[in-house]
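If you want the building blocks of each chain, they are given just below.
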Amino acid sequence: MNLDCLGWSDFFAHSFEPYRKEGFTVGRVAIEHRNTYILYSEQGELSAEVTGKLRYQAAETKDFPAVGDWVVIRVRDSEGRATIHKILPRKSKFSRQTAGAKTEEQIVATNVDTVFLVSGLDRDFNARRIERYLILAWESGANPVIVLNKADLCDSVEQRLTEVEAVALGVPIVVLSAATHQGLDGLKPYLQPKQTVALLGSSGVGKSTITNQIKGATVQAVQPVRQGDNRGRHTTTHRELILLPTGGLIIDTPGMREIQIWAGDEGLQETFADIETLTQQCRFRNCQHSNEPDCAVQQALEEGRLDYSRFLSYQKLQKELNYLARKQDQSANLAEKERWKKIHKAMRNHNKR
């Protein structure tokens, strides 16, 4: 495999240069299992595992390789296997908070150029969910594109499109029906050679069908959604980097039942740029947009220039991010304490020798 075809660029080459001089090679993570990885490399497809040192130094799951990562490796040609020594700096990183009560980052995909945020136009359509995905996408460093699938099952496509345009300011929107091969040409500009696209969305929105249509072959299993609520079952069970005939790459991901945000203010500001602009026009810098005089947000609501449900969504997500920031600070302090405990233990063991 040619590294350029896998998305290699000067950004990664610069970081890899010191390791190249030491005789290391590189691979890109295609599939991530619990303790092993499948890599694409110039030596072909390799099975790999991390070194004991990398495993020991990893404080959290985010410190392990993720799908899309470029990793520094030593190849054991006779076995067709490799050892992962280092993860090269990530150009972009799509993360969410781990599902459940634990405050920990879960990396969904890395080194992605474009994120296809896939939403179904059936009964599972939800504009508020699209806002949440947009926050994650803007925070990742990749460019979001909203893909509205299942146009063949919707009698009000124009109305849905208007709703999405109102919450996704300036974001490209592609309307299609993967099942009937309609509108797929709208995705082609983003599937160019060396470009990596990640598909993200809930279960049942048609990500696997889109992947199969783009690939031109059945590489992902497809299941029908439930008839009662149009919710889908998890068809894709793991993240996978797939090579495309166009020379591009696509990362298909399992559907997310929980979209717990792991992001900072930047994603919120990009997603709600209209409200952020209004807040700058308020008389008071710390305006809460409730009863303060000369509040530009309240004035826009009264005049109908700002949708009230969108403003409520903004406030809810803002509170969620503030709460998450406090939890992250606590988690970071605990992780730092754990790191120093490891260091002191290693020093004690060394001194006993």
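Residues numbered from 1 in each chain as written. Predicted model: local features only at pLDDT ≥ 70, side-chain atom pairs only at ≥ 80, totals over all residues. Heavy atoms only, no water.

### A short note on the overall build of the chain
Convention followed: Helical segments are the DSSP runs of H or I of at least four residues, strand segments are the runs of E of at least two, and each set is numbered from the N terminus. Exposed residues in this analysis have more than 50% of their type's maximum accessible area, buried residues have under 20%, and partly exposed residues fall in between, with area computed by a 1.4 Å probe over protein chains only. Note on contacts: a residue pair is in contact if any heavy atoms of the two residues lie within 4.5 Å. Throughout, the Shrake-Rupley method with a 1.4 Å probe supplies accessible areas, and for residues the shown protein chains are the sole cover considered.
Scanning the chain from N- to C-terminus turns up 9 helices and 13 strands. Per-residue burial for the chain yields a buried fraction of 48% across its 353 residues. Look at the contacts in the chain between residues 6 or more apart in sequence, and 67% of them connect residues 24 or more apart. Accessible area of the chain: about 18,100 Å², with a carbon and sulfur share of 48%.

### Comments concerning the environment of F11
When you line up the elements, F11 lands in helix α1 (residues 10-21). With a relative accessible area of 37%, F11 lands in the partly exposed category. Residues contacting F11, with those up to four places away along its chain left out, are P89, R90 and K91.

### So, helix α4 (residues 157-167)
The criterion, for reference: The arc in question is the one traced by the directions running from the helix axis out to the C-beta atoms.
Taken as a whole, α4 has its buried residues at L161, V164 and V167. Considered in projection along α4, the buried side chains sweep an arc of 130° and stay on one side of the axis.

### Quick word on the packing of aromatic side chains
Given two aromatic rings, their pairing is described by the distance between the two centres and the angle made by the two planes. Selection rule: Pairing of aromatic rings covers Phe, Tyr and the six-membered ring of Trp, with a centre-to-centre limit of 6.5 Å; geometry is then stacked below 30 degrees between planes, edge-to-face above 60, and tilted otherwise. Remark: a charge is flagged as sitting over a ring if the NZ atom of Lys or the CZ atom of Arg is within 6 Å of the ring centre and within 35 degrees of the ring normal.
Summed over all chains, the structure comprises 8 aromatic pairs. Among the aromatic residues, those joined into a cluster by ring pairs are W8, F11, F12, F16 and W70. One residue, R74, lies across the ring of F24, its end atom 3.9 Å from the ring centre.

### Thoughts on the state of the cysteines
To keep it simple, the criterion reads: We call a pair of cysteine sulfur atoms a disulfide when they lie within 2.5 Å.
All told, the structure shown has 0 disulfides when counted by the stated rule. Sulfur of C287: no disulfide; nearest cysteine sulfur belongs to C295 and is 3.8 Å away. By relative accessible area, which is 9% here, C287 ends up buried.

### Let's talk about the environment of R55
When you line up the elements, R55 lands in helix α2 (residues 52-57). When sequence neighbours within four positions are dropped, the list of residues in contact with R55 reads N35, V50 and F64.

### As for the side chain of S47
By the secondary structure assignment, S47 is in strand β3 (residues 44-50). Leaving out residues up to four positions away in the same chain, S47 has contacts with Y37, I38, G80, R81 and A82.

### Brief notes about the pattern of salt bridges
It is possible for side chains bearing opposite charge to pair when their charged atoms get close. Put simply, the rule reads: The rule for a salt bridge is simple: a side-chain nitrogen of Lys or Arg has to be within 4 Å of a carboxyl oxygen of Asp or Glu.
Scanning all chains against the criterion turns up 16 salt bridges. Across the pair D113 and K91 runs a salt bridge, and its minimum N-O distance is 2.9 Å. Of this pair, D113 sits in the loop between β7 (105-110) and β8 (114-120) while K91 sits in the loop between β5 (81-87) and β6 (93-97); the two residues are 22 residues apart in sequence, bridging distant segments of the chain. For K91, a relative accessible area of 37% corresponds to the partly exposed category. Each of the salt bridges in this network shares a partner with another, and the network as a whole consists of E49, R76, E79 and R81.

Everything listed here is a matter of coordinates, which is why it stays silent on function.
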